[in-house]
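What follows is the residue order along each chain.
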Amino acid sequence: SLLIFFFFFSFLKKKRERKTIKIRAAMSAPITETPNALTSDLDKGGASEVLERLRRVDQQLFSGFEQFESLTSASMEEKLERAVKMAEDFIKDDRACIILSGAGTSGRLATYCCRSMNHLLRSNGWNQDEARPKFRVCMAGGMRAMVKSAEQIEDDPSASLSDFAAAKGDAQRALVVGITCGLSATYVGAQIEEVLEGNNSAKKGGSAGGDGNQLSAAILLGFNPAERARTLVMKKWGKSFSVIVKRMLEEEEKEGGQSLVLCPVVGPEAVTGSTRMKGGTATKIVLETIFLEALRRAVAPPLPDEPRGVSKTLKAFSNVIESVYTSLSSSPFLTVMEDGGKCLHQNGRILYLSPSQAFSPPVGVGAMSILDASECPPTFGAHFEDVHGFMQGGWEELVGS
């Protein structure tokens with residue numbers, strides 16, 4: 001009987017140890033890579049149920065997730081306000097540029113945002129050289145990655161630094177906004193590290209200026225808690241992304257620090273790990289909140305619409321998303337969803353046809369149609385030919401400055 005008790009006790013101990021390991025793993029796992037309980041059986045519902053599940057998942061963009069810092073928390077709004085001031089400073093400085101950097105979806109959204117902001121500047125009389133626009137992009141794989149990711153480039157720090165040097169050009173200082181939903185992209189980390197090292201060299205050499213107006217700056221945007229940044233050391237880079245996050249957080253706490261980490265947690269994706277969905281939406285919201293507000297303050301005469309501030313802009317985005325879901329749930333869109341599924345099941349194709357140019361106001365429907373089509377293979381396992389986007393002006397319009 002003692003032997004039986006011993007084995008039973010050992011079994012319970014091992015079971016508790018395995019449970020403890022699982023709990024620890026869950027507590028440290030990237031939230032962007034974990035399943036969302038709201039969509040555990042997403043594939044079993046009809047069009048109306050799928051739409052409702054997606055609506056509830058997207059509501060987490062603003063309601064937050066568990067105990068983590070959310071997009072609309074007071075502390076995050078304070079950070080976004082600081083980001084606006086940083087952007088305003090670089091917009092007003094003729095020697096400076098703003099570089100948005102990302103790989104895959106993040107790179108495509110960076111391209112979209114740069115083109116949109118430059119379009120706004122030109123349409124409001126801002127005189128800028130098209131070869132040297134104020135907003136510039138670094139996208140892993142270049143413009144070809146607008147339709148298909150270049151994964152071999154995404155982990156190559158040498159390619160990243162080459163792209164960064166080309167984008168910066170003759171600008172004396174740059175605000176680099178690195179976008180990586182999971183806090184993991186080597187392509188982004190290498191460029192942020194370049195900014196940090198360049199600022200350190202400038203400070204040691206005495207060329208930073210009394211108020212830091214000779215320094216570049218870096219903003220990191222992701223949707224995991226900062227402490228859950230990737231710890232894996234990348235071979236070509238020789239370091240992990242978590243090292244860069246730690247350096248940025250330390251710099252952020254310093255007086256006059258030229259570093260800012262934005263990590264609002266918006267919850268797991270509807271399709272596990274597909275950060276091009278809710279993460280993509282959050283990326284667009286954050287970038288446009290920062291830069292539209294910065295442009296309103298920096299451009300004279302000011303852009304249309306009175307300055308609203310960060311809080312009101314976020315509320316406007318929330319209202320728009322909710323109204324879109326409300327209108328879709330009571331429109332022929334549900335039939336379109338069902339017909340689209342039937343079409344693909346019968347080896348058909350879905351084509352987006354946009355009569356608008358890529359970045360024409362108000363929302364650049366042309367570019368978004370291309371972007372959405374490009375996301376279908378990695379998100380839903382679609383074949384490359386299953387979903388295509390077409391727009392007025394074609395490729396030349398899409399990849400222009």
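One can find the structure itself at the top, above this paragraph.
Please read these numbers as outputs of a predicted model, since none were measured by experiment.

In total, this model carries 20 salt bridges according to the counting rule given. Notably, a salt bridge pairs Asp-41 with Arg-53, separated by 2.8 Å at the nearest N-O pair. You can see Asp-41 sitting in the loop between helix 1 (2–28) and helix 2 (47–63) and its partner Arg-53 sitting in helix 2, a full 12 residues away along the chain. One salt bridge connects Arg-296 with Glu-293, and the closest N-O pair in it is separated by 3.2 Å. Linking Arg-296 with Glu-293, this pair stays in helix 9 (residues 278–298), spanning three residues, or about one helical turn. Across the pair, Glu-293 and Arg-296 agree in class, each one buried.

For the rest of this paragraph, the subject is the nonpolar core. In terms of nonpolar packing, the biggest core is built from 50 residues, with Leu-100, Phe-135, Leu-175, Leu-262, Ile-290 and Phe-291 touching the most fellow members. Per-element accounting of this core gives the leading share, 10 residues, to helix 9. The contacts of Phe-135, once residues within four sequence positions are left out, are Ile-91, Ile-98, Leu-100, Cys-114, Met-117, Asn-118, Leu-121, Phe-291 and Leu-295. Within the second largest apolar cluster, 29 residues are counted, among which are Tyr-187, Val-195, Ala-229 and Phe-241.

What follows covers the pairing of strand 4 (residues 217–221). Both faces of the sheet carry side chains from a regular strand, because those side chains alternate between them. Among the five residues that make up strand 4, five are buried, leaving the element largely enclosed by the rest of the structure. Judged from the four bridges that link them, strand 4 and strand 5 (residues 259–262) form a sheet pairing that is parallel. Residue pairing for strand 5: Ile-219 is matched across the bridge by Leu-260.

With that settled, consider the environment of Phe-384. Relative to the helices and strands, Phe-384 resides in the loop between helix 12 (365–380) and strand 7 (387–391). On the accessibility criterion, Phe-384 (43% relative accessible area) is partly exposed. Spatially, the C-alpha atom of Phe-384 lies 8.8 Å from that of Ala-373, the residues being 11 residues apart in sequence. When neighbours within four sequence positions are excluded, Phe-384 is seen to be in contact with Val-147 and Pro-377.

What follows covers the pairing of strand 3 (residues 173–179). Where burial is concerned, most of strand 3 is hidden: seven out of the seven residues are buried. Going residue by residue along strand 3, you find Arg-173, Leu-175, Val-177 and Ile-179 tucked away on one face and Ala-174, Val-176 and Gly-178 tucked away on the opposite face as well. For strand 1 (residues 96–102) and strand 3, the ladder comprises seven bridges, and the chain directions are parallel. Residue pairing across strands places Leu-100 opposite Val-177, the latter belonging to strand 3. Pairing between strand 3 and strand 4: five bridges, direction parallel. Bridging across to strand 4, Val-177 finds its partner in Ile-219.

Reading the values: rules and limits
In this numbering scheme, every chain counts its residues from 1 along its sequence in written order. Reporting in this predicted model follows two pLDDT cut-offs: at least 70 for local features of residues, and 80 or more for side-chain atom pairs to be given and counted; totals over whole chains, interfaces and linings ignore these cut-offs and use all residues. Hydrogens and waters are ignored; side-chain quantities use all the structure's heavy atoms. Every case where a carboxyl oxygen of Asp or Glu lies within 4 Å of a side-chain nitrogen of Lys or Arg is listed as a salt bridge. Helical segments are the DSSP runs of H or I of at least four residues, strand segments are the runs of E of at least two, and each set is numbered from the N terminus. Burial classes follow relative accessibility: with a 1.4 Å probe on protein chains only, a residue under 20% of its type's maximum area counts as buried, one over 50% as exposed, and anything between as partly exposed. In this description, a nonpolar core means a group of buried Ala, Val, Leu, Ile, Met, Phe, Trp, Tyr and Cys residues linked to one another through side-chain atoms lying within 4.5 Å. When checking whether two residues touch, look at their non-hydrogen atoms; a contact exists if any pair is within 4.5 Å. In this description, strands pair whenever DSSP reports at least two bridges between them.

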